[in-house]
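# Structural overview for review
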Amino acid sequence: MPNRRQFLAGSAAALALTTLPQVPATAAPRAAGRAPNIVLILADDLGYGELGSYGQQIIKTPRIDALAAQGLRFTQAYSSAAVCAPSRCSLLTSLHTGHSAVRQNPFTGDPGQGSLRDGDTTIAEVLRSRGYRTGCVGKWGFGPEVADQPSHPNARGFEEFYGYIDHGHAHNYYPDYLWHNGEKSPIAENANGATGKFAIDLFEQRALDFIDTHAAEPFLLFLAPTLPHFPNVVPAADMVDYTGPNWGTAEKAHASQVARLDALVGSVVDRVKARGIEQDTLILVTSDNGPHEEGSPAVDPNKYDANGPLRGYKRNLYEGGIRIPLIASRPGTVAAGTTARPTPQLDLLPTFAELAGAPAPSDIDGKSMAALLNGGTAPAHPHLFWMRNDPYSGSRSNTEDGGRGNRWAEAVRKGDLKAVRFAPARDPKAPDSQWVVQLYDLAKDPGEKSDIAAANPTAVAELTALMRSSQVANYQRRTYGVVIGGTTLAVPGKPFTVATTLGNASASAWSTAEVRLALPSGWQARATTASTASSVAAGGSLQVTWEVTPPSGATTGASFTLRANATATAGGNALAFVDDRVVTTVAALPQPPTADAYLSDLDWASASNAWGPVERDASNGKQAAGDGTPISLAGTTYTKGLGVHARSEIIFNLGAKAKRLTAVVGLDDFSVSRSTAGGVRARVFGDGVPLFDSRPLTPATGPKQIDVDVTGVHALRLLVEDANNNGSYDHTSWANAKVTV
């Protein structure tokens, strides 16, 4: 489990608002042949029919419509899922939902919706290899809300991030904080439930400032406002007078959100023009899935024809749930017109790669449409695939699904034929005979009104087989760029080994490859294997090991960053990659376990605010069981455990020897008997990668079971934090915490 954290510090001032000019005139002339800037604007739950350029009659969207008129409008563009998180994951990584890391929105009480992982190469990482400055503003949507971990935007190639990390946090237009890179940035105007700052206004300013800062160099701006996702609210100043038959407050607020989105797009276009880079900038506007029917009061998308002529809504795998607007504009390059090419958002990564002169990973599902943007044609997909596993369903989406809104569902399109099928429950492994399968001819029936499955058994069988084969439980990625691995624990003055890999996941060879290691002041390193190669074959890698020695005077308990830098050449274009690894210094490094062991029987590498292991009496807690004070959680007594208070941290050296960690964590019964006011949050990290998150633990929730994979983990970190701003009665126990070797 390498802790790949591509945390790129080169643009720390990119969003420092106090130092930026107001409205600049023009940018310096750019070199001929320079790759285009890319602005990707991703709306949230904007339906196919909610823009004037796609047939909307009531809500006015003049700025987006102007882009559509001067650019290329896609009439058969697709998101990769019918809900937010998996759709966004697929867009960023070019993997459909049968391959991607995030395949569903989070279930209630389940923090494990799926997160981006080391090796989930994104659009930003690919473009950074060609020197692009990269910024993400708005909704990221993949937890956890923790800095310095693989699912953070900074770790996935974005130099600058400002917005929501977590899926749930993004459901608040007046948050009391947003994330700026690895830190929470308080919004004083929204403290204690106030509504002084509309998040969209903050996003707009950050986006414009990013353009100002990087106008003279190639940049990628991923602007992801939460409009027009629920809740159906906007500031009074943004309310518009668009009203239709039988509209209520929800519909008017939603229409105002769409209008505010349109104004945001207009502001971006105006700033690009003001900077004199309009012809150098490709602007795309799209959405993550179909229109929603949410809120309190709930919005009715039928009142403003949100899905146009299509069947279905958000959460449906019918066209209304997954066919979305997509507009591409670059004056002088992208000719005005429309295209009916079935185009999934999976195609954005390889398209941007080709435009930037970067080699795209070869293990993706997208195909470049760069030629289409330049007036040519783009290759067609053999088929398109979608899946859905969602804990919720709206009344309308459930009705469209024939009451199957909470079932596992899949869809595939091949040519003009599209199959949609529903599992008997949530079991995708159920025999095909138990699924309900529907078939539609989109050329004749774009509204999916006539199911022709019964008359076409051969087509049904073929498309069912495609749906089966598209699901891969653990899709393995090849390394793209440089990765740094090895232990994350070090002892001052003692050498340890670091492994770096430059992986070429593209389809062509890279030449003149080199890997270097940048160290903190006073640290030393020497390569023990060759650090250069004349060529790295497609699918191959350059692996370099290093002996690293921290200075003997290095402060123990401190964190230090090691940085791997790699360069290569592909197709005549220079590539550069970077990856960081945080190493914590400890006074001594205990031996890793050689057999299955309770953590209370192991010496820890470091501990703070932990007077456990509770069992550590004269025998040091190393009896099989029964030594020391028993631990009781929710009436069950455990004989082995670790006792801590919030905030506490314990780190163990597993030395990549263990496979699983099992435990029970919760407030112990002694504390609960004194008061019910306790509240903590327990997390487990392996080399900085989040492995478990209890969410708030209280006497009412009771303890939680832990069973996580720790294969390859060097440093196992157990963290307990206060969850209710009350430091009393927070005594927590990790009971029967055991690693299996």
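Since we're looking at a predicted model, the values are computed, not measured. (Residues numbered from 1 in each chain as written. Predicted model: local features only at pLDDT ≥ 70, side-chain atom pairs only at ≥ 80, totals over all residues. Heavy atoms only, no water.)

## Digging into the overall build of the protein chain
Summing up its helical and strand segments, the protein chain has 11 helices and 36 strands in all. For the protein chain, whose C-alpha radius of gyration is 27 Å, the value lies close to the compact-globule estimate of 27 Å for 741 residues. A sequence separation of at least 24 residues applies to 72% of the contacts in the protein chain between residues at least 6 apart. Counting only carbon and sulfur atoms, one obtains 50% of the accessible surface of the protein chain, whose full area is about 26500 Å². (Helix = DSSP H or I, 4+ residues; strand = E, 2+ residues; numbered from the N terminus. Rg over C-alpha atoms; globule rule 2.2 N^0.38 Å. Contact = heavy atoms within 4.5 Å. Areas by Shrake-Rupley, 256 points an atom, 1.4 Å probe, with all protein chains shown as cover.)

## Some points on the nonpolar core
Phe74, Trp140, Leu284 and Phe352 are the most contacted members of the largest nonpolar core, which has 76 residues in total. At 6 residues, strand 23 (residues 559–570) tops the list of elements feeding residues into this core. Contacts of Phe74, omitting those with residues within four sequence positions, involve Tyr54, Leu326, Ala328, Thr339, Thr343, Met369, Leu372 and Leu373. Grouped together as the second largest cluster of nonpolar side chains are 55 residues, Ala207, Leu227, Trp247 and Ala306 included. (Core = buried A, V, L, I, M, F, W, Y, C linked by side-chain atoms within 4.5 Å. Buried < 20%, exposed > 50% of the residue type's maximum accessible area, 1.4 Å probe, protein only.)

## Some remarks on the pattern of salt bridges
One pass over the full model with this rule turns up 45 salt bridges. For Glu251, the salt bridge goes to Lys303, with nearest N and O atoms at 3.9 Å. Pair noted here: Glu251 is in helix 5 (residues 249–274) and Lys303 is in the loop between strand 8 (281–287) and helix 6 (319–322), with a separation of 52 residues, a long-range link. With relative accessibility at 3%, the residue Glu251 sits in the buried group. (Salt bridge = Lys/Arg side-chain N within 4 Å of Asp/Glu carboxyl O.)

## Some details on the packing of aromatic side chains
Taken as a whole, this structure holds 17 aromatic pairs when the rule is applied. A ring pair is formed by Trp140 and Phe142, whose centres lie 5.3 Å apart and whose planes are at 85 degrees; its orientation type is edge-to-face. Across this residue pair, the class does not change: Trp140 and Phe142 are buried. For the pair Tyr164 and Phe203, a centre-to-centre distance of 5.6 Å together with 80 degrees between the ring planes defines the contact as edge-to-face. A residue pair is termed long-range when its members are at least 10 positions apart, and Tyr164 in strand 4 (residues 160–164) and Phe203 in helix 4 (residues 199–214) qualify at 39 residues. Accessibility classification places Tyr164 together with Phe203 in one group, the buried group. Members of the aromatic cluster, each reached through a chain of ring pairs, are Trp140, Phe142, Phe158 and Phe222. In this structure, Arg73 packs its charged tip against the face of Tyr54, placed 5.1 Å from the ring centre. A cation sits over an aromatic face here: Lys738 above Tyr598, 5.5 Å from the ring centre. (Phe/Tyr/Trp six-rings, centres within 6.5 Å; stacked < 30°, edge-to-face > 60°. Lys NZ or Arg CZ within 6 Å of the ring centre and 35° of its normal.)

## Regarding helix 1 (residues 62–70)
Helical periodicity: at 3.6 residues per turn, an α-helix aligns residues three or four positions apart in one direction. All of the buried residues in helix 1 are Ile64, Leu67 and Ala68. Projection of helix 1 onto a plane perpendicular to its axis shows the buried side chains occupying an angular sector of 100 degrees, all on one side. (Arc of directions from axis to C-beta.)

## Here's the deal with the packing of helix 4 against helix 5
Look at helix 4 against helix 5: their axes get within 10 Å of each other, and the N-to-C directions meet at 15 degrees. Taken together, the axis directions place helix 4 and helix 5 in an arrangement best described as roughly parallel. In terms of crossing hand, the pair formed by helix 4 and helix 5 is right-handed. Contacts from Ile200, Asp201, Glu204, Leu208, Ile211 and Asp212 of helix 4 reach helix 5 at Arg260, Leu264, Ser267, Val268, Arg271 and Val272. Broken down by class, the residue content of the contact of helix 4 with helix 5 amounts to 6 nonpolar, 1 polar and 5 charged. (Axes fitted to C-alpha atoms, helices over the stretch in contact; angles between N-to-C directions. Parallel < 35°, antiparallel > 145°, perpendicular 65-115°, else oblique. Left-handed = near helix turned anticlockwise from the far one by under 90°. Nonpolar A, V, L, I, M, F, W, Y, C, P; charged D, E, K, R; others polar.)

## Here we look at the environment of Asn181
Among the structural elements, Asn181 can be located in the loop between strand 5 (177–180) and strand 6 (183–186). Separated by 27 residues in sequence, Asn181 and Asn154 place their C-alpha atoms 6.5 Å apart. Of the polar contacts made by the side chain of Asn181, one reaches the side chain of Glu160; its length is 3.4 Å. (Polar contact = N/O pair within 3.5 Å; in protein donor to acceptor, adjacent residues only side chain to side chain.)

## Topic: unusual backbone geometry
A cis geometry characterises the amide bond from Gly143 onward to Pro144, with omega recorded as 0 degrees. In this structure, Pro144 sits in the loop between strand 3 (133–139) and strand 4. Following Ser296, the chain continues to Pro297 via a peptide bond in cis, the omega torsion being 5 degrees. Locating Pro297 in the fold gives a position in the loop between strand 8 and helix 6. At Asp305, a residue that is not glycine, the phi angle is positive and equals roughly 55 degrees. With respect to the secondary-structure elements, Asp305 resides in the loop between strand 8 and helix 6. Phi is positive for Thr512, which is not a glycine, with a value near 45 degrees.

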